[in-house]
Structures are given as structure tokens and as C-alpha cells.
Amino acid sequence: MTTPAGPYALAPDASAENPALSADEQQFNDLIAADSRIEPRDWMPEGYRKALIRQISQHAHSEIIGMQPESNWITRAPSLKRKAILMAKVQDEAGHGLYLYSAAQTLGATRDGMTDALIAGKARYSSIFNYPTPTWADMGSIGWLVDGAAICNQVPLCRASYGPYGRAMVRICKEESFHQRQGFEILLELMQGTEEQRAMAQESVNRWYWPALMMFGPPDDDSPNSAQSMAWKIKRHSNDELRQRFVGMLVPQAAVLGVTLPDPDLRWNEDTQQYDLGEIDWAEFHEVLAGRGASNAQRLQRRRDAHAEGAWVREAAAEYARKQSERSAQVAS
Ligand code: 3HC
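Note that the structure is a prediction, hence the values are computed from the model and not measured.

About the cut-offs
Residues numbered from 1 in each chain as written. Predicted model: local features only at pLDDT ≥ 70, side-chain atom pairs only at ≥ 80, totals over all residues. Heavy atoms only, no water. Helix = DSSP H or I, 4+ residues; strand = E, 2+ residues; numbered from the N terminus. Buried < 20%, exposed > 50% of the residue type's maximum accessible area, 1.4 Å probe, protein only. Phe/Tyr/Trp six-rings, centres within 6.5 Å; stacked < 30°, edge-to-face > 60°. Lys NZ or Arg CZ within 6 Å of the ring centre and 35° of its normal. Contact = heavy atoms within 4.5 Å. Core = buried A, V, L, I, M, F, W, Y, C linked by side-chain atoms within 4.5 Å. Expected span 1.5 Å × (residues − 1). Bend = angle between axes of the 7 residues up to and from the residue. Near = heavy atom within 4 Å. Polar contact = N/O pair within 3.5 Å; in protein donor to acceptor, adjacent residues only side chain to side chain. Nonpolar A, V, L, I, M, F, W, Y, C, P; charged D, E, K, R; others polar. Salt bridge = Lys/Arg side-chain N within 4 Å of Asp/Glu carboxyl O. Axes fitted to C-alpha atoms, helices over the stretch in contact; angles between N-to-C directions. Parallel < 35°, antiparallel > 145°, perpendicular 65-115°, else oblique. Lys, Arg positive; Asp, Glu negative; His and termini not counted.

Colleague: Can you tell me about unusual backbone geometry, naming the residues and giving the values?
Modeller: For Lys 233, which is not a glycine, the phi torsion comes out positive at approximately 60°. Relative to the assigned elements, Lys 233 resides in the loop between α9 (226–231) and α10 (239–257). The backbone phi angle of Gln 273 is positive, close to 60°, even though this residue is not glycine. One can find Gln 273 in the loop between β1 (267–269) and β2 (274–276). Residue classification places Gln 273 among the partly exposed residues on the basis of a relative accessible area of 48%.

Structure follows, in C-alpha cells:
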């Protein structure tokens with residue numbers, strides 16, 4: 001982890017009262033040290049505000065772009081039951097995006113500003129959503145691996161020091177947990193099916209396993225934001241710790257499914273009491289972050305088109321709000 005610089009670098013130590021700090025700064029440090037929550041009207045360092053806006057807006061964008069790989073399959077899902085489940089799941093992701101945009105708005109970010117940055121290609125969203133979904137089994141792999149990784153990363157965020165973010169994460173995690181189980185169940189059904197269905201499930205797991213591990217972000221020694229975010233208790237665990245925890249969860253679940261995790265170097269290490277993992281292809285991760293993944297261009301174009309197609313809805317809502325406030329003003333006068 002890179003050590004951050006600046007006046008608020010690393011852990012605020014409440015026990016060491018620093019006469020150079022203002023009363024506001026001292027109170028902020030005390031709240032963080034006491035594992036209490038920072039609320040929108042509390043004083044906060046600019047770096048803390050920016051770090052939160054960065055992470056929460058990226059997270060919101062991930063939820064919104066993350067609707068695309070699965071919504072592709074709503075019309076092609078193999079049964080009415082599967083269509084209904086998939087539709088509900090994609091709607092949940094839209095809801096997650098809205099809670100998170102709202103949390104970022106409490107920090108002073110505007111919804112228009114965040115949306116503009118996304119459609120201009122200037123904002124980050126999770127690398128995982130730049131991979132295509134050519135088979136039905138991909139709906140299973142996304143639920144099991146992608147939503148599974150999301151839960152592993154996001155349950156600790158329920159304890160994030162910023163109140164609106166932590167509270168939004170509680171509801172999001174409940175829904176993600178359902179998503180993960182429905183993905184597992186799709187794969188289980190395929191693995192109990194024909195030879196062809198089992199092969200389709202395994203092929204899909206092979207494609208999603210490594211990108212799912214990349215969701216946790218770069219290795220700790222190459223993660224510029226982790227140290228400060230952990231000192232501020234936005235993040236509670238490092239990227240590598242969570243990745244390791246995720247693989248530990250996956251191994252017994254893969255055995256139940258009967259799928260193989262596509263890592264020939266994966267083995268239990270008695271000394272460390274965790275799994276040794278094979279090498280992650282970080283060059284691929286950086287290519288995707290640079291906008292050169294298989295589906296980056298398509299995802300962004302679809303988002304731009306949807307935004308343009310929704311212009312009339314935004315205009316109608318604004319006009320309705322204007323008329324409502326005109327009416328209220330007339331009644332009041
Ligand atoms: N995809 C895209 N960008 C990534 C990334 C990934 N998988 N992992 C890291 N990055 C980016 C970071 O955003 C950062 O970019 P920036 O400095 O330009 O903002 C840079 O790479 C360096 O990474 P760091 O480790 O220093 O960054 P963080 O400390 O922020 O850690 C994180 C990255 C673990 C993703 C953290 O931001 C986090 O926990 N975010 C909240 C969870 C989230 O955003 N999840 C998205 C997953 S998808 C989802 O939730 C949808 C669900 O339906 C599946």
C-alpha cells in the first residue's frame with residue numbers, strides 16, 4: 001500500500017491530542033478513532049470528502065453499467081421464472097445505483113456532474129462489467145462470482161465511517177446476497193443437467209473467475225488509495241485480504257457445484273492457513289481500466305444512448321415539478 005501524504009495522512013490518533021489541530025479536526029479524528037459515524041453536516045477534511053465521492057460515485061456507476069451484461073439476457077432467459085428473477089435482479093442494481101448516487105450527493109457531488117463524467121468516459125466503474133455474456137451460464141457465473149465478490153467486498157463497507165454510505169450498503173448487501181444465491185442455483189441446475197450444460201457452466205466459470213478476482217483492485221503494494229481509506233475507516237480490509245477471503249469462500253462452493261476453479265496453482269497452505277493463488281494477469285486489468293476491454297466501448301455507448309433516450313423523461317419530470325411549485329405558490333398567496 002502506498003503511504004499517502006498531506007495534512008490528514010494516515011490514522012487520526014485520538015489519544016494523541018495535537019495542539020496544531022483545530023477543534024473541528026480534533027472532533028473528526030475522535031469520531032473516527034471511536035468507530036463512530038461521520039454525518040453529512042459534520043465537519044470533514046476535504047481529502048475525506050473527495051475520497052468518498054471518488055469511491056461512492058465509482059460504485060454507483062458500477063451498479064448502473066452492471067445492469068447491461070445481464071439485461072442482455074432478459075428476453076432470452078430459458079423460462080418465465082428465470083426472466084422474472086433476472087428482471088428483478090437488474091432492477092435491484094438500478095436501485096443500488098440510486099442509493100449510492102444519493103449518498104454521494106450528501107457530500108456535495110451533483111447527479112448531473114456524476115452522470116456527465118460517466119458518459120464522457122472520464123469516470124471509473126468496475127472492470128468486471130467490460131466482459132461479454134455470450135451464454136446463459138454467464139448469468140450463473142455473474143451471480144455466483146461477481147455478486148459473490150461484491151458481497152465479500154461490500155459487507156465490510158456496511159461499517160464505513162461515513163453514515164449515508166454505510167447505511168446504503170446494508171440494504172445493498174441483503175439484495176446482493178440473494179443475487180449470489182440465484183447465480184449459484186443457475187450453475188447448480190446446469191451442473192446437474194446434460195453433458196453440454198455442464199460444459200457450458202464450466203466454460204463460463206473459466207472466463208469469469210480471474211476477472212472476478214480483479215474486482216478487488218490492484219495488489220496491496222500497488223494500491224494508492226488503500227492506506228488512507230483504511231485509516232479513515234472507509235475501507236476496513238485491504239484488497240488482497242478480501243481477495244483471499246473470497247477464494248476461501250469459493251473453494252467449498254465450487255466443490256458442491258462440481259466445477260473446477262481455473263487456477264492450476266491454487267492450493268491450501270498449512271503455514272499461512274489460506275490458499276496460495278496463481279498469478280493474476282494485471283496487464284489485462286490495466287488494459288480494461290484504460291478502456292480497452294472487450295466490451296468497454298459497447299457499455300459506454302449503451303449508457304450514452306440510454307441517457308439521450310431518457311431526456312424526455314427528465315424534461316417531463318422537471319416540468320411537472322415546476323407546475324407543482326407554481327400551484328403551491330398560488331395556493332399560498
Ligand atoms: N475496476 C475498476 N477500477 C478499479 C478496480 C476495478 N476492479 N479496482 C481498483 N480500481 C481503481 C480504483 O478505483 C483506483 O482508481 P482512482 O484512484 O483513479 O480512483 C485505482 O484503481 C487504484 O486502486 P485502489 O486499490 O487504490 O482503489 P480503492 O482503494 O478505491 O479500492 C475498490 C478499489 C476495492 C474497488 C474500492 O474502491 C471499493 O471497495 N469500492 C466499493 C465497491 C465497488 O465499487 N464495487 C464495484 C463492484 S461491482 C458492484 O458492486 C455491482 C454488483 O451488482 C455486482
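There's more to say after this.
Colleague: Kindly report on the packing of aromatic side chains, identifying the contributing residues and their values.
Modeller: Centre distance and the angle of the planes are the two values used to describe a pair of aromatic rings. Using the criterion set out here, one finds nine aromatic pairs in the structure. Measuring from centroid to centroid gives 5.4 Å for Phe 216 and Phe 246, while their planes differ by 45°, and the two rings are tilted. Of the two residues, Phe 216 sits in the loop between α8 (195–214) and α9 while Phe 246 sits in helix α10, which places them 30 residues apart along the sequence. Take Phe 216: its relative accessible area is 5%, and that puts it in the buried class. With centroids separated by 5.0 Å and ring planes inclined at 70°, the aromatic side chains of Trp 268 and Tyr 275 adopt a geometry described as edge-to-face. An aromatic cluster of at least three residues, connected via ring pairs, comprises Phe 28, Trp 43, Tyr 48 and Trp 232. The cationic tip of Arg 76 hangs over the ring face of Trp 73; the distance from NZ or CZ to the ring centre is 4.0 Å.

Colleague: Tell me about the side chain of His 61, and name the residues and values.
Modeller: One can find His 61 in helix α2 (residues 46–65). In this structure His 61 comes out as buried when scored by relative accessible area, which is 1%. Here His 61 is in contact with Gly 66, Tyr 101, Met 114, Leu 118, Ala 123, Arg 124 and Tyr 125, once residues within four sequence places are set aside.

Colleague: Describe the nonpolar core, listing the residues and the values that go with them.
Modeller: Core analysis: the largest hydrophobic core is formed by 75 residues, its most contacted members being Tyr 48, Ile 56, Trp 144, Tyr 162, Tyr 165 and Phe 246. If one sorts the elements of this core by residue count, helix α7 (residues 163–191) sits on top with nine residues. The contacts of Tyr 48, once residues within four sequence positions are left out, are Phe 28, Ile 32, Ile 38, Ser 161, Tyr 162, Trp 232 and Ile 234.

Colleague: Any details on α10? Residues and values, ideally.
Modeller: For α10, built from 19 residues, the straight-helix expectation of 27 Å at 1.5 Å per residue is met to within 8% by its first-to-last C-alpha distance of 26 Å. Along α10, the largest kink reaches about 25° and is centred on Val 251; proline Pro 252 follows within four residues of it. For α10, every residue scored as buried is listed here: Asn 239, Leu 242, Arg 243, Gln 244, Phe 246, Val 247, Leu 250, Ala 254 and Leu 257. For α10, the secondary structure elements touched by its buried residues are α6 (137–154), α7, α8, α9, β2 and α11 (282–289). Gly 258 sits one or two positions beyond α10 and adopts a positive phi of about 85°.

Colleague: Which residues make up the site of the ligand, and what values do they have?
Modeller: Neighbouring residues of the ligand: 33 residues in total, closest Gln 58, Glu 93, Gln 154, Ser 223 and Lys 235. Between Arg 54 and the ligand, the recorded distance is 3.0 Å, taken from a side-chain N or O atom to an oxygen atom. Top contributing element to the shell around the ligand by residue count: α2, with six residues. Looking at the shell around the ligand, its residues break down into 13 nonpolar, 13 polar and seven charged.

Colleague: Let's hear about the environment of Leu 145: which residues, and what values?
Modeller: Along the polypeptide, Leu 145 turns up in helix α6. On the basis of relative accessible area, Leu 145 is assigned to the buried category, the value being 0%. Note: C-alpha distance between Leu 145 and Leu 100 (45 residues apart in sequence) is 22 Å. Once residues lying within four places of it in the same chain are set aside, the contact partners of Leu 145 are Val 205, Trp 208, Tyr 209, Ala 212, Phe 246 and Leu 250.

Colleague: Could you give me a rundown of the pattern of salt bridges, with the residues and numbers involved?
Modeller: This structure, assessed with the given rule, holds 17 salt bridges. The salt bridge involving Glu 93 is made with Lys 89; its shortest N-O contact spans 3.2 Å. With Glu 93 and Lys 89 both in helix α4 (residues 80–105), this residue pair falls four residues apart, about one helical turn. Of the charged contacts, one joins Arg 171 and Glu 175 as a salt bridge, the two residues approaching to 3.4 Å between their closest N and O atoms.

Colleague: Describe the packing of α4 against helix α5 (residues 111–119), with residues and values.
Modeller: Taken N-terminus to C-terminus, the directions of α4 and α5 make an angle of 120°; their axes are 9 Å apart at the nearest point. As far as their axial angle goes, α5 and α4 are oblique. In this structure, α4 contributes Leu 98, Tyr 101, Ala 104 and Gln 105 to the contact, and α5 contributes Arg 111, Met 114 and Leu 118. Considered class by class, the residues forming the contact of α4 with α5 number five nonpolar, one polar and one charged.

Colleague: Got a sec to walk through the side chain of Arg 299? Specific residues and values, please.
Modeller: Along the polypeptide, Arg 299 turns up in helix α12 (residues 296–309). Within the buried set, Arg 299 has no salt-bridge partner at all; the shortest N-O distance to an opposite charge, 8.7 Å, is to Asp 138. Within polar-contact distance, the side chain of Arg 299 engages the backbone oxygen of Phe 129 at 2.6 Å. Setting aside anything within four residues of it in sequence, one finds Arg 299 in contact with Ile 65, Gln 68, Pro 69, Asn 72, Tyr 125, Phe 129, Asn 130, Tyr 131 and Pro 132.

All quantities given are derived from atomic positions and should not be read as evidence of function.
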